[in-house]
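An overview of the molecular structure
Below, each chain spelled out in residue letters.
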Amino acid sequence: MVSTSLKTDPQVYRIPSPWIPNPARWRNYIEAMTIVPFGKFFLNTIKYAILVTIGTVLSSTLVAYGFSRVQWKGRDAVFFLCLATMMIPGQVRMIPLYIVFSKIGWVNSYKPLIIPSFFAAAYDVFLLRQFFLTIPLELSDAARIDGASELTILGRVVIPLAKPAMAVVALFTIMGAWDNYLGPLIYLTDREQYPIALGLQMLRTTTPSFYMELQWPRLMAASAVTIFPIILLYFFTQRTFVEGISITGIKG
Amino acid sequence: MSTARSIHFTGALFGSRGSVRRREIKRQITGITFISPWIVGFVCFTIYPIAASLYYGFTRYDVVRPPRFIGLDNYQKILLDDRIFRIVLSNTLYFVVFGLPAAIVTAFLVANLLNTDVRGRSLYRTIFFIPSIVPAVSSAMVWLFIYNTEYGLISSMLSLMGLPAIPWLSSAALAKPSLIIIQCWAQGSAIVIFLAALQDVPRELYEAAVIDGASTPQRFRHITIPMCTPSIFFITITGLIGTFQSFTMPYLLTGGGPNNATELYAVYLYRNAFQYFKMGYASALAWILFIVVVFFSIITFRSSNRWVYYAGK
């Protein structure tokens with residue numbers, strides 16, 4: 001992909017295609033970024049991913065705390081209900097939610113994509129709760145006797161110990177937001193608002209079809225730009241990430 | 001248990017039973033306050049949509065005019081008259097029956113390879129994992145290029161050997177297998193889960209088997225596979241649900257073509273809802289999908305008693 005992204009058009013169509021393009025045509029990147037407003041798409045995606053991540057981590061931490069570190073009647077039954085919601089396919093909820101969001105005028109904005117994330121999804125709650133349960137309850141009890149409120153215990157005792165699990169949730173959320181195609185496809189109509197997922201597809205299809213074939217170097221350049229931040233993120237968080245997958249896998 | 005004890009302890013510390021009762025009520029309130037974001041989300045984004053969707057399934061609804069109740073017409077039409085529904089359902093089942101096992105077998109074999117002591121093992125693991133972190137849209141673009149008949153990676157390699165190009169995505173016979181190949185390629189998280197399971201297999205079992213004179217294939221067949229069945233089961237269930245709902249890849253790569261060969265359930269549902277604005281019809285489709293998924297999950301769960309081995313039992 002990177003190789004193709006640096007080729008001149010004739011080089012792509014030469015057979016056999018050279019592996020290392022010479023001379024490298026960096027201009028493909030600039031062109032890919034300017035044919036469609038890619039910089040804007042990029043900012044849109046970053047903003048969206050950050051807000052969704054904040055919402056998810058914040059809400060699922062609070063909820064997971066309520067489901068694991070506080071004893072109250074009916075807790076486990078309610079938690080089971082929470083887990084049961086994972087069984088319902090997204091398609092069932094998609095249509096009524098679209099209708100509601102369009103009635104209150106949220107369509108063509110990021111609100112329908114961001115706001116629900118502030119209300120804790122079952123999957124993240126499950127993952128965090130699982131981790132919270134491994135922290136000894138004596139620590140909370142000691143803090144309680146010292147007169148700490150539940151929120152203080154969460155902030156001072158539980159969160160510092162649960163950082164790895166929270167990092168996993170944050171990572172999965174960022175990746176999911178970066179990758180989300182269907183959500184923006186449904187809710188966003190204004191091209192200025194597009195995230196890169198839709199932008200990339202737009203780059204592929206907006207050019208007239210006879211010109212389409214000439215787009216490969218630019219298209220590959222844009223794909224490389226889209227993938228790059230995720231690869232970078234992965235390299236810095238590799239261990240957390242792989243741990244996260246095996247935790248969710250085994251416990252699931 | 002320890003909390004129960006400590007509550008008893010603090011109760012005793014502060015004297016009366018009344019304060020214990022008050023403490024209990026306070027805990028009840030605290031707990032519910034903490035989970036309140038979920039409660040709000042559950043009501044707004046789960047209970048309401050489910051109820052609404054169930055209702056819309058019995059209506060004709062084009063968003064512009066209010067929904068009109070038509071009873072079971074949508075369901076009747078889908079099950080009896082909709083030719084594309086049948087194609088779409090059989091396409092999706094094709095992916096479940098052929099694509100999913102292919103993906104699981106690939107992931108399992110790769111995980112076994114990665115579990116052997118080779119140099120640069122972590123590098124290999126990274127290489128196999130990267131496809132599953134790459135955003136679906138970007139990998140769709142890359143695969144479009146790889147599969148391109150005229151200039152794509154595979155075609156140019158084939159032409160080097162003097163072979164004709166393969167119409168990966170444009171032939172109705174090949175489009176489905178081509179998508180399955182992509183699915184097998186992006187199995188990073190399954191590989192990680194299998195790796196974790198493989199590392200949990202007790203060494204003694206293999207040692208004992210070696211003493212008994214078991215060959216490598218025999219050890220694989222009688223130790224590795226049975227010990228990994230819980231994670232195979234997990235991947236099967238999640239994969240089942242995922243396959244029935246897969247959208248982005250087929251939508252971007254083939255758009256359902258050629259001749260509806262890769263039109264999948266989720267894509268067809270999306271078209272009905274957001275391209276033809278048949279919200280009632282699409283809601284009915286969603287419920288049928290739900291029933292199909294539940295049906296297949298139950299079959300898998302039922303069968304799991306026969307083939308899933310839990311060391312604990």
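Only a predicted model underlies this, so the values are computations on that prediction, with no experimental measurement involved. (Residues numbered from 1 in each chain as written. Chains lettered and ligands numbered in written order. Predicted model: local features only at pLDDT ≥ 70, side-chain atom pairs only at ≥ 80, totals over all residues. Heavy atoms only, no water.)

With respect to helix 4 (residues 83-115) of chain B
All names here are of chain B.
- Here helix 4 contains 33 residues, and its C-alpha end-to-end distance of 47 Å stays within 8% of the 48 Å for a straight helix at 1.5 Å per residue.
- In the structure, helix 4 departs most strongly from a straight axis at Gly99, where the bend amounts to approximately 30° and where the proline Pro101 lies between one and four residues downstream.
- For helix 4, the capping residue at the N-terminal end is Asp82, with a side-chain oxygen 3.0 Å from the backbone nitrogen of Ile84. (Helix = DSSP H or I, 4+ residues; strand = E, 2+ residues; numbered from the N terminus. Expected span 1.5 Å × (residues − 1). Bend = angle between axes of the 7 residues up to and from the residue. Polar contact = N/O pair within 3.5 Å; in protein donor to acceptor, adjacent residues only side chain to side chain.)

A look at the side chain of Arg69 of chain A
Residues and elements named next belong to chain A.
- Tracing the chain through its elements places Arg69 in the loop between helix 4 (38-68) and helix 5 (75-84).
- Despite its burial, Arg69 pairs with no opposite charge, the nearest such side chain being Glu138 at 7.4 Å.
- One polar contact links the side chain of Arg69 to the main-chain carbonyl oxygen of Pro136, over a distance of 3.2 Å.
- Among the polar contacts listed, one links the side chain of Arg69 to the side chain of Ser140, at a separation of 2.7 Å. (Buried < 20%, exposed > 50% of the residue type's maximum accessible area, 1.4 Å probe, protein only. Lys, Arg positive; Asp, Glu negative; His and termini not counted. Salt bridge = Lys/Arg side-chain N within 4 Å of Asp/Glu carboxyl O.)

Remarks on the packing of aromatic side chains
- On inspection of all chains with the given rule, the structure shows 39 aromatic pairs over all chains.
- Ring geometry for Phe244 of chain B and Phe296 of chain B: centres 5.5 Å apart, planes at 55°, overall tilted. One end of the pair, Phe244 of chain B, is in helix 11 (residues 216-244); the other, Phe296 of chain B, is in helix 14 (residues 279-307), with 52 residues separating them in the sequence.
- Among the aromatic residues, those joined into a ring-pair cluster are Tyr98, Phe101, Trp106, Phe119, Tyr181 and Tyr187 of chain A together with Phe45, Phe247, Tyr251, Tyr270 and Phe274 of chain B.
- Here Lys176 of chain B stacks its cationic end above the ring of Tyr94 of chain B, 5.1 Å away from the centre of that ring.
- Sitting over the ring of Tyr281 of chain B, Lys278 of chain B keeps its end group 4.9 Å from the ring centre. (Phe/Tyr/Trp six-rings, centres within 6.5 Å; stacked < 30°, edge-to-face > 60°. Lys NZ or Arg CZ within 6 Å of the ring centre and 35° of its normal.)

Regarding the interface of chain B and chain A
- Counting residues at the interface gives 70 residues for chain B, matched by 80 residues for chain A.
- Between chain B and chain A, roughly 6,700 Å² of surface is buried when both sides are summed, and carbon and sulfur atoms account for 79% of that area.
- There are zero salt bridges connecting chain B and chain A.
- Across the contact surface, chain B and chain A share six residue pairs in polar contact (both at pLDDT 80 or more).
- A total of 21 residues in the side of chain B that touches chain A trace back to one element, the largest contributor, which is helix 2 (residues 17-56) of chain B.
- Across the side of chain B that touches chain A, the residue classes tally to 49 nonpolar, 19 polar and two charged. (Contact = heavy atoms within 4.5 Å. Buried area = accessible area lost by both parts, 1.4 Å probe. Nonpolar A, V, L, I, M, F, W, Y, C, P; charged D, E, K, R; others polar.)

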